[in-house]
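Chains, contacts and geometry: an overview
The residues making up each chain are set out below.
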Number of protein chains: 4
Amino acid sequence: MEPGSRPSGRRKRTFIEEARRAQIVSAAIRTVAEAGYANASLARIAQHAGISKGVISYHFSGKDELMDRVVEQIYSTIADFVLPRVAEAPDERAALRTHILAVADYMRSNREQLLALAGIFNGVQTPVGAPRYRMAVSEPVYRAIEERLRAGQERGVLRDFDVRVMAVSLQSAIDGMFAYWVTHPDHDLDAHAAELAELIDRSARPDSADSAGST
Amino acid sequence: MEPGSRPSGRRKRTFIEEARRAQIVSAAIRTVAEAGYANASLARIAQHAGISKGVISYHFSGKDELMDRVVEQIYSTIADFVLPRVAEAPDERAALRTHILAVADYMRSNREQLLALAGIFNGVQTPVGAPRYRMAVSEPVYRAIEERLRAGQERGVLRDFDVRVMAVSLQSAIDGMFAYWVTHPDHDLDAHAAELAELIDRSARPDSADSAGST
Amino acid sequence: MEPGSRPSGRRKRTFIEEARRAQIVSAAIRTVAEAGYANASLARIAQHAGISKGVISYHFSGKDELMDRVVEQIYSTIADFVLPRVAEAPDERAALRTHILAVADYMRSNREQLLALAGIFNGVQTPVGAPRYRMAVSEPVYRAIEERLRAGQERGVLRDFDVRVMAVSLQSAIDGMFAYWVTHPDHDLDAHAAELAELIDRSARPDSADSAGST
Amino acid sequence: MEPGSRPSGRRKRTFIEEARRAQIVSAAIRTVAEAGYANASLARIAQHAGISKGVISYHFSGKDELMDRVVEQIYSTIADFVLPRVAEAPDERAALRTHILAVADYMRSNREQLLALAGIFNGVQTPVGAPRYRMAVSEPVYRAIEERLRAGQERGVLRDFDVRVMAVSLQSAIDGMFAYWVTHPDHDLDAHAAELAELIDRSARPDSADSAGST
DNA sequence: GATGAATGAGCCTTCATTCAT
DNA sequence: CATGAATGAAGGCTCATTCAT
């Protein structure tokens, strides 16, 4: 019975098997980042990993599953970096600023993951046009952000905007910042992040507030 | 002598040829929207247009040129709709709001163009990962927005933010709005647009201002 | 009724039609010479001639007929140059030498025709592998040469070799000379021709003869 | 990791892979011989070999490499047959005769190789018209022949002709003999070869010599 | 007579996937 | 567990040819 063939059966994986999967996922990230999703054939990924093409098929049910794991892995790595920092912010308004700066901070040294994500997001589309990855993966992120926003609103440090719109706009602006950075490698990412944080803060703070409290 | 073989010579096109090109571009938009860039093969596009595959090669030098024309066409159509409305706004601060609402207004009835654009933007990538379309095509848009922003700053209706960051963030938030709408067809696009306009206005207006002047 | 559709009906051609055919044949020669037979598409030939693709199909029944006419035309032009010179040779032994030198003389200033011929000869093959052009076109040439050789044998100025083998070898050595010249443009064609003439003379002259009589 | 993708690294090949490559090369020879280079598509070659089209792409980097290997293989097979016989000849003058007879002897039972070579030589052309195969492949052959000729001249068994012209003419006459034979299957190849050997001997022997010494 | 337009077959290649070893 | 080998579909593209205008 092949490992990849079980959608939910979740068999225990051997250590060596996990290692191989991690190695392949990592090679996939590098490959998509370098060559784009369209050119990231299993052959090229295997070559990057220094293994044979068949191995990938053995460990993953197909290209789709591999890409799912890639996205999963990147997201969880980002979360591991960002969440602890955000948790330390004094309040939800400050957390917004921290969130933006931390993500930028992380991505500055992990461009490959950025490129891979972007490549996969738009490269893999279901026929009906609904990008399956973006949705499946973004929803939990939106939820988490919204929860924080709502808490801030209740506590009075954030004004009463639509949390979903804010979450979507925030995430989009961050993505846009990265996209711009990718095409303009000399762009000052940290300065951009700081400026964006200011924009978001102004759009989210209560009417009476000025910007004093959040730096 | 095939039409597509002229690299730059810009030969005069017959009426019927223009019609065919338009028909093919339109079919390409529909196809990319429905199936994603990766699956938008010339065969499928031809099928959508009800013509033979060779016709496309006859009228366009290749898939790349076709996609260039698609992007070009969509952008100019959007501009034709949005720019006149923006020009009527009383000042640059109001223009920001108008811009967002107008684009949303247009896109509400032109979802396909949206999907096609998104598909092409990330589907066509140069090996180094720099999406060639997005950059080439976004730059003029950024420039136009920036000019307006700077004018507003000089006139004092907008505060002194970094115009490039604002332009990128604005455009991203709009794109994000559409992306969300695409995956959530029941989402209230106009309400989202109004809310986004408010966010942007708050982040762009001078410190002393309140939201009174722009509604 | 289209001109090209008559295999043997030989309708009278208008002057303008003949001009077009000549123009197309000439463009075909240039194209095959430059790009090789495989790359000499009707489109490219039409482009060379500055006319539309359809014109060729109108005047010739197909690519095959066009190529037939090309070969025909080149052969007859060569014959027009070579035969008068050969006819002036004092005897058949001298004629051999003259033949070689005259052909070389002609080809030196008509490389394109050479290249075109070579391209067509091997480019167009019938499925059974018997190059149809070479045979159909070479036979009369062999016949003419053989006739002269036989006359020389009867008159005693040539020894008693197999005339067909001599004709084939002579023609091949000439072709080989040109082929070599084509790939080595700096090669001294005239010197080669003179040397080859000596080789042939030695192999064809009667046993008792020395080379004195033929220079 | 596909075998064909290694540009020069010369990886060790498995036995089974070599077998497949040989099988494909052999099928290619048969196909080109039967249908001509232009019609020898990978599809037809695969069909001849009884395998799927993809297999060829798997084992060879492309059609070009396959054809290179075909030429290589044929040449080395011919050399393996001819060279030992030539080496046994008493002197260089006799070697010339042996060379012609041996090649004819070999080709008599390997017509397909002949046809394939001819097809490839002129089928594959660089745009500038310089047949890449013929030159690259013929030069070493010319060199080898010339060396022998020069040795014969120094030893006094051959007269003092231009060795390059002789090599080209000899090779051409042999090729012409085969070409004729191909189009005239009933032609007596051995008789032709004997007659050609006589022609060459006469053109190459020293002035004083008669044909006595070489029969 | 000539053209632009359209066709559809065929080309070489790449690819995800399967399978025997 | 891993590999090399094979498959067959699909991709973009070129081409000779046909035909209405």
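In case you missed it, the structure is sitting above this.
Summary of the structure given here. Remember, predicted model here, so these are calculated numbers, not experimental data.

Note on the copies: chain B fits chain A at an RMSD of 0.4 Å, the axial shift is 0.1 Å, and the rotation between them is 179 degrees. Look at the turn and shift together and you get a two-fold axis relating the two. Looking at the rotation axis and the C-alpha trace of chain B, the residue lying nearest is Ser203(B), at 2.4 Å. Taken as a fraction of all interface residues of chain B, those also at the interface in chain A reach 93%, which identifies the copy contact as same-surface.

What follows is about the relation of the copies chain D and chain C. Overlay of chain D on chain C (RMSD 0.4 Å): rotation 178 degrees, translation along the axis 0.1 Å. Looking at chain D, 96% of its interface residues are interface residues in chain C too, so the copies touch through the same face.

Moving on, we get to the protein's contact with DNA strand F. Around DNA strand F sit 32 residues in total, of which Ile16(A), Val55(A), Thr14(D), Val55(D) and His59(D) are the nearest. When the atoms of DNA strand F within 4 Å of the protein are grouped by moiety, sugar and phosphate amount to 71% of the total. Here Arg20(D) contributes a side-chain N or O atom positioned 2.6 Å from a phosphate oxygen of DNA strand F. Taking Tyr58(D), its side chain carries an N or O atom lying 3.4 Å from a phosphate oxygen of DNA strand F. At the level of secondary structure, the elements contributing two or more residues to the surface near DNA strand F comprise helix H1 (15-35) and helix H3 (53-59) of chain A, helix H3 (53-59) of chain B, helix H3 (53-59) of chain C together with helix H1 (15-35) and helix H3 (53-59) of chain D. Grouping the constituent residues of the surface near DNA strand F by class yields nine nonpolar, 14 polar and nine charged.

With that settled, the discussion passes to the protein's contact with DNA strand E. Close to DNA strand E lie 33 residues, the nearest being Thr14(B), Val55(B), His59(B), Thr14(C) and Val55(C). Interatomic distance of 3.3 Å between a side-chain N/O atom of Lys53(A) and a base oxygen of DNA strand E. Contributing elements (two or more residues each) for the surface near DNA strand E: H3 of chain A, helix H1 (15-35) and H3 of chain B, helix H1 (15-35) and H3 of chain C together with H3 of chain D. Its residues assigned to classes, the surface near DNA strand E comprises ten nonpolar, 14 polar and nine charged.

The figure often quoted for interface size is the accessible area lost as the parts come together. Taken together, the contacts link 46 residues of chain D with 45 residues of chain C. Carbon and sulfur atoms supply 59% of the area buried between chain D and chain C, which totals about 3,400 Å² over both sides. Along the contact surface separating chain D from chain C lie two salt bridges. For the salt bridge of Arg202(D) with Asp207(C), the shortest nitrogen-to-oxygen distance reads 2.6 Å. Connecting chain D to chain C are six residue pairs in polar contact (both at pLDDT 80 or more). Elements with a contribution of two residues or more to the side of chain D that touches chain C: H1, helix H6 (111-123), helix H7 (132-155), helix H8 (163-183) and helix H9 (189-204) of chain D.

Reading the values: rules and limits
- Residue positions are given per chain, counted from 1 along the sequence in the order it is written.
- Each chain gets a letter, beginning with A, and each ligand a number, beginning with 1, in the order they are written.
- Whole-chain, interface and lining totals are the exception, using all residues; otherwise, since this is a predicted model, local features are given only for residues with pLDDT of at least 70 and side-chain atom pairs are given and counted only at 80 or more.
- Each side-chain value is worked out from all heavy atoms of the structure, with water and hydrogens disregarded.
- The atoms used to superpose the copies are C-alpha atoms, taken from residues with pLDDT of at least 70 in both, and the fit is least squares.
- In this description, contact between two residues means that some pair of their heavy atoms is separated by no more than 4.5 Å.
- Each residue is tested against the molecule or strand, and it is near if at least one of its non-hydrogen atoms lies within 4 Å.
- Any pair of nitrogen or oxygen atoms within 3.5 Å is treated as a polar contact; in protein, a donor-acceptor pairing is required on top of that, and neighbouring residues in sequence qualify only through side-chain atoms on both sides.
- By definition, any uninterrupted DSSP run of H or I lasting at least four residues is a helix, any uninterrupted run of E lasting at least two residues is a strand, and each is numbered from the N terminus.
- Residue polarity is assigned by list, with Asp, Glu, Lys and Arg as charged and Ala, Val, Leu, Ile, Met, Phe, Trp, Tyr, Cys and Pro as nonpolar; anything else, Gly included, falls into the polar class.
- A 1.4 Å probe defines the accessible area here, and the buried area is the portion of it lost by two parts on being joined, summed over both.
- In the sections that follow, a salt bridge refers to a side-chain nitrogen of Lys or Arg positioned within 4 Å of a carboxyl oxygen of Asp or Glu.

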